[in-house]
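The residues making up each chain are set out below.
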Amino acid sequence: MSTANDSCRILSVGLLCLDIVNLCDHYPAEDEDLRAKDQQWRSGGNAGNSAIVLSLLGRQCEFVGTLGCGMETDFAVALLDRFGIAHDHCVHHQACRLPTSYIVLNTSNGSRTIVHYRNLPELTFEDFSSLDLSQYCWVHFEGRNPHEYSKMVNQVVAYRKQLQIQHTGRDGGGSPELSAGNLRRVRLGVSVEMEKTKPELAALMPLADVLLVSKEYAQHQGYHSMEEAVIQFRSKTKKDAIVVCAWGEKGAAASDSEGKVLDTLGAGDTFNAGLIHRLSLGSTVEEALTFACRLAGAKCGMLGYEGLKDFDSVQTPARF
């Protein structure tokens, strides 16, 4: 189990929802009355799931997003509490319910069909702006409402720049870079996940230290391989940014801060959490990518996330 510094809390910003999973031996035909083999209530939402995995790897985490009311919210919040994930700064909307995904999981071939319902407002910049950023060593953003989220990321970047000025006594020339190219000494790392195919999400790309691109998003942009996607997306990010693209069963590719393209095996929310975990501990891009793929591979062989507890054997935390 990793023993990261207690003061190093990772903030995960985005969606927490409830997944109601019906395990069936086949996908039902229209109007078919099918009995499920099992039903499970699980945590859902990319940011929420990544926080859970990070907590299982021994990291202090906080989730920030919007929550509704009712038994769905009670279940999801109880899960956060169970895994020791702080949620004090979440925004509660009493007239809304927690977003819920109704999932048919075909156990014969592993396919999943999802019907998602939500009436819950997204997190706003005003909600986010009250946070004390000195409490965190890393902020992960699930790419959602681009207009609001770009202001949130900019606030984190501005705060980090102010830290740089305070540390060096000057702004600009000669001061050490606080960027993805120097992650072992970054005080506040910023990662952004690009999963949904919304064109407006492109506004978040130049702001990230680590850009996590899904296969779906890359294909929607016209790229045909993870290597092509990494090379092309890197030209749209800031200097020294790390770009990672997971490509399902074919693995993942990453371009490190020097532009070198690496590839190995893995994907998903678990993959993202593993990458953030290792980069925030000071691992190289190649080490972090390898670990994230191993972690994602382990997740594919289990239901839920709890089997990932103590998966990591890293003992040396990053020094911020």
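Note that the structure is predicted; figures quoted are calculated from it, not measured.

Parameters and conventions
Residues numbered from 1 in each chain as written. Predicted model: local features only at pLDDT ≥ 70, side-chain atom pairs only at ≥ 80, totals over all residues. Heavy atoms only, no water. Helix = DSSP H or I, 4+ residues; strand = E, 2+ residues; numbered from the N terminus. Buried < 20%, exposed > 50% of the residue type's maximum accessible area, 1.4 Å probe, protein only. Contact = heavy atoms within 4.5 Å. Areas by Shrake-Rupley, 256 points an atom, 1.4 Å probe, with all protein chains shown as cover. Pairing = 2+ DSSP bridges. Axes fitted to C-alpha atoms, helices over the stretch in contact; angles between N-to-C directions. 1 Å grid on protein atoms, 1.4 Å probe; cavity = no way out; pocket = protein on both sides within 12 Å on 5 of 7 lines; lining within 4 Å. Points joined across faces, edges and corners; volume = space filled by probe spheres on them. Nonpolar A, V, L, I, M, F, W, Y, C, P; charged D, E, K, R; others polar. Core = buried A, V, L, I, M, F, W, Y, C linked by side-chain atoms within 4.5 Å. pLDDT = per-residue confidence, 0-100. Arc of directions from axis to C-beta. Disulfide = S-S within 2.5 Å.

Enquirer: An account of the overall build of the chain is needed here, citing residue identities and associated values.
Expert: Counting secondary structure elements, the chain contains eight helices and 14 strands. In the chain, buried positions account for 52% of the 320 residues. Across the chain, contacts joining residues at least 24 apart in sequence account for 66% of those joining residues at least 6 apart. With an accessible surface of roughly 14,400 Å², the chain has 48% of that area assigned to carbon and sulfur atoms.

Enquirer: Describe the sheet that holds strand 2 (residues 17-24), listing the residues and the values that go with them.
Expert: Pairing in this open sheet of four strands is mixed, and the strands run 3-2-7-8 from one edge to the other. Two strands close off the open sheet at either side, each with one partner strand: strand 3 (38-44) and strand 8 (112-117). The mean inter-strand angle of the sheet, taken between neighbouring strand axes irrespective of direction, is 20 degrees. Relative to strand 7 (residues 100-106), strand 2 runs parallel, the two being bridged by seven bridges. From the neighbouring strand, Asp19 faces strand 7, where its bridge partner is Ser101. In the packing of helix 2 (residues 71-82) onto the sheet, the strands contacted are strand 2, strand 3 and strand 7, and the crossing angle to strand 3 comes to about 70 degrees.

Enquirer: Explain empty space enclosed by the protein to me, and be specific about the residues and the numbers.
Expert: Tallied over the full model, the rule gives one cavity of 30 Å³ or more. If you add up the space inside the largest cavity, you get close to 30 Å³. Lining the largest cavity are Gly14, Leu15, Thr66, Arg118, Pro121, Glu122, Leu123, Arg144 and Tyr149. In terms of residue class, the lining of the largest cavity is made up of four nonpolar, two polar and three charged.

Enquirer: So what's going on with the nonpolar core? Which residues, and what values?
Expert: The biggest cluster of nonpolar side chains holds 45 residues, and the ones touching the most others in it are Ile85, Val244, Phe271 and Leu275. Broken down by element, this core gets its largest block of residues, eight residues, from helix 8 (residues 285-300).

Enquirer: Run through the pairing of strand 12 (residues 242-246), naming residues and quoting values.
Expert: Taking burial as the measure, the five residues of strand 12 include five buried ones, the bulk of the element. Here strand 12 shows a buried face lined by Ile242, Val244 and Ala246 and a second buried face lined by Val243 and Cys245. Sheet analysis places strand 11 (residues 210-213) next to strand 12, joined by four bridges and oriented parallel. Of the residues in strand 12, the one forming a bridge with Val213 is Cys245. Bridge analysis of strand 12 against strand 13 (residues 252-255) gives four bridges, and the strand direction is antiparallel.

Enquirer: Please give an account of the confidence of the model for the chain that cites residues and values.
Expert: The pLDDT averaged across the chain works out to 83; a share of 82% of its residues lies at or above 70. Within the chain, the element-level pLDDT minimum falls on strand 14 (residues 261-264), averaging 52, and the maximum on strand 4 (residues 60-64), averaging 97. Note that residues 172-181 has pLDDT below 50 and, in this model, 22 contacts with residues that lie over four places away or in other chains.

Enquirer: Describe in detail helix 6 (residues 226-234), supporting the description with residues and values.
Expert: Among all positions in helix 6, only Met226, Ala229, Val230 and Phe233 are buried. Taken end-on, helix 6 shows its buried residues confined to a sector of 100 degrees, consistent with a single buried face.

Enquirer: Before we move on, could you go through the state of the cysteines and cite the residues and values that matter?
Expert: Applying the stated rule across the entire model yields one disulfide. Between Cys8 and Cys137 runs a disulfide, and the two sulfur atoms are separated by 2.1 Å. Disulfide Cys8 to Cys137: torsion about the S-S bond roughly 65 degrees, handedness right-handed. With a gap of 129 residues between them, Cys8 in the segment before strand 1 (9-13) and Cys137 in strand 9 (residues 136-142) connect regions that are remote in the sequence. The buried category is assigned to Cys137, whose relative accessible area is 1%. Counting only cysteine sulfurs, Cys96 is the nearest neighbor of Cys69, a cysteine outside any disulfide, at a range of 7.7 Å.

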